[in-house]
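Listed below, chain by chain, are the residues.
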Amino acid sequence: MNNDIQNQFRDLCKNIGWKCTPQRLAVYAYLQQNHTHPSVDVVWDAVRCSQPTISRESVYRILNELSEHGIIGRVDHIDSARYDCRVGAHGHFICKSCREISDFDWPDGTQIPPELLARQVQHIEIRLVGVCPKCAAAHKQKRHPSEKPASERADTKIGAPCFYGDNPQEE
Ligand SMILES: [Zn+2]
Ligand SMILES: [Zn+2]
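Thresholds applied
Residues numbered from 1 in each chain as written. Chains lettered and ligands numbered in written order. Predicted model: local features only at pLDDT ≥ 70, side-chain atom pairs only at ≥ 80, totals over all residues. Helix = DSSP H or I, 4+ residues; strand = E, 2+ residues; numbered from the N terminus. Buried ≥ 20, exposed ≤ 12 C-beta atoms within 10 Å, placed from the backbone. Core = buried A, V, L, I, M, F, W, Y, C linked by C-beta atoms within 7 Å. Contact = placed C-beta atoms within 7 Å. Arc of directions from axis to C-beta. Axes fitted to C-alpha atoms, helices over the stretch in contact; angles between N-to-C directions. Parallel < 35°, antiparallel > 145°, perpendicular 65-115°, else oblique. Left-handed = near helix turned anticlockwise from the far one by under 90°. Nonpolar A, V, L, I, M, F, W, Y, C, P; charged D, E, K, R; others polar. Pairing = 2+ DSSP bridges.

Asker: Go over the overall build of the protein, please, and point to the residues and values.
Answerer: Within the protein, the secondary structure is distributed over 6 helices and 6 strands. Walking the protein from its N terminus toward its C terminus, one meets helices and strands in the order α-α-α-α-β-β-β-β-α-β-α-β. Within the protein, buried positions represent 16% of all 171 residues.

Here's what the structure looks like:
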C-alpha cells in the first residue's frame with residue numbers, strides 16, 4: 001500500500017480521534033486509489049483480499065463514517081449508494097445504461113441562489129444523466145438502421161442541477 005495514503009489516514013484518525021484500524025485503512029485506501037465511485041459491494045470485494053474476515057456490514061459502516069466526517073463523498077438517490085474519493089462541489093455524469101459515474105469540474109461561474117445556501121446546505125452536486133460514449137457506440141451497433149440515434153431520442157434526458165441536503169438513504 002502507498003505510504004502517503006497510510007500517513008494521510010493516520011493524520012486523519014488523529015484529527016478526529018479515531019483508532020487507525022487496518023479495516024478502516026483498507027477501505028480508505030481503496031477509495032483513494034479507485035476513482036470509479038464504487039458501491040459497497042465493490043469495496044467489500046476489493047478489501048477482502050487484505051482483510052478476509054471483514055463483513056459487508058463493517059464496510060458499509062466504515063464508508064458511512066468516512067462520509068459523515070466529509071473524508072469521502074457519497075452519491076445518493078440512485079439505485080444504491082456509491083462512494084466518492086472526491087469531496088467538495090463537483091459534477092457527476094451518470095450513464096443510465098452501465099451505471100458508470102464520472103466526475104466533472106464545477107462549471108465556472110455557477111451561482112447558487114443565496115436563499116438556498118441559507119438552508120444549511122450540506123451537499124452540492126450537479127448531476128447529468130445520459131448515455132456514456134461506450135454504451136452509445138454499443139447501442140448504435142445493435143440499432144436497427146431506421147431507428148433514431150440515441151442523441152435524438154427523448155429519453156436521453158439531462159437531469160436538472162439538483163441541490164439538496166444530505167438525506168441518508170438505506171442502500
Ligand atoms: Zn455506459
Ligand atoms: Zn465524484
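From this point on, the discussion continues.
Asker: Tell me about the nonpolar core, and name the residues and values.
Answerer: Soluble, globular proteins show a tendency: their nonpolar side chains are buried together. In terms of nonpolar packing, the biggest core is built from 18 residues, with Val27, Val43, Val47, Val59 and Leu63 touching the most fellow members. Of all elements in the fold, only helix H2 (22–33), helix H3 (40–47) and helix H4 (56–68) reach the threshold of two or more residues within this core. Tallying contributions element by element places H2 first for this core, with 6 residues. Ignoring any residue separated from it by four or fewer positions in sequence, one finds Val43 in contact with Val27, Tyr30, Pro38, Val59, Leu63 and Tyr83.

Asker: If you had to explain H3 to someone new, which residues and values would you point to?
Answerer: Side chains of residues three or four places apart in an α-helix project in the same direction, reflecting 3.6 residues per turn. Here H3 has its buried residues at Val40, Val43, Trp44 and Val47. Looking straight down H3, one finds its buried side chains confined to an arc of 100 degrees; they lie on one side. If you follow the buried residues of H3, they end up packed against H2, H4 and strand E2 (82–84).

Asker: With reference to specific residues and values, describe unusual backbone geometry.
Answerer: Even without being a glycine, Arg99 presents a positive backbone phi close to 70 degrees. Looking at the secondary structure, you find Arg99 in the loop between strand E3 (90–95) and strand E4 (101–105). Taking the number of C-beta atoms within 10 Å as the measure of exposure, Arg99 has 15 and is therefore partly exposed. The phi angle at Gln120 is positive, at roughly 50 degrees, despite the residue not being glycine.

Asker: Describe the packing of H2 against H4, naming the residues involved and giving the relevant values.
Answerer: In a pair of packed helices, the angle between the axes and the distance between the axes together describe the arrangement. Here H2 crosses H4 at 70 degrees, and the two axes come no closer than 10 Å. Here H4 runs roughly perpendicular to H2, going by the angle between their axes. At the point where H2 passes H4, the crossing takes the right-handed sense. On H4, the residues touching Gln23, Arg24, Val27 and Tyr28 of H2 are Ser58, Val59, Ile62, Leu63 and Leu66. Among the residues forming the contact of H2 with H4, the class breakdown is 6 nonpolar, 2 polar and 1 charged.

Asker: Break down the pairing of E4 for me, with residues and values.
Answerer: Strand direction decides the pairing type here: E3 and E4, joined by 5 bridges, are antiparallel. Within E4, the residue paired with Gly91 across the bridge is Phe104. Counted between consecutive antiparallel strands, the loop separating E3 from E4 contains 5 residues, among which Arg99 sits at a positive phi close to 70 degrees.

Asker: I'd like to hear about the pairing of E3, residue by residue, with values.
Answerer: For E3 and strand E5 (residues 124–130), the ladder comprises 6 bridges, and the chain directions are parallel. By the bridge assignment, His90 is partnered in E5 with Glu125.

Asker: Help me get a handle on the packing of helix H1 (residues 3–16) against H2, residues and values and all.
Answerer: Direction vectors running N to C along H1 and H2 enclose 125 degrees, while the axes themselves pass 10 Å from each other. One element, H1, and the other, H2, form an angle in the oblique class. Of the two elements, H1 crosses H2, and the hand of that crossing is right-handed. Contacts between H1 and H2 pair Ile5, Gln6 and Phe9 from the former with Leu25, Tyr28, Ala29 and Gln32 from the latter. Counted by class, the contact of H1 with H2 contains 5 nonpolar, 2 polar and no charged residues.

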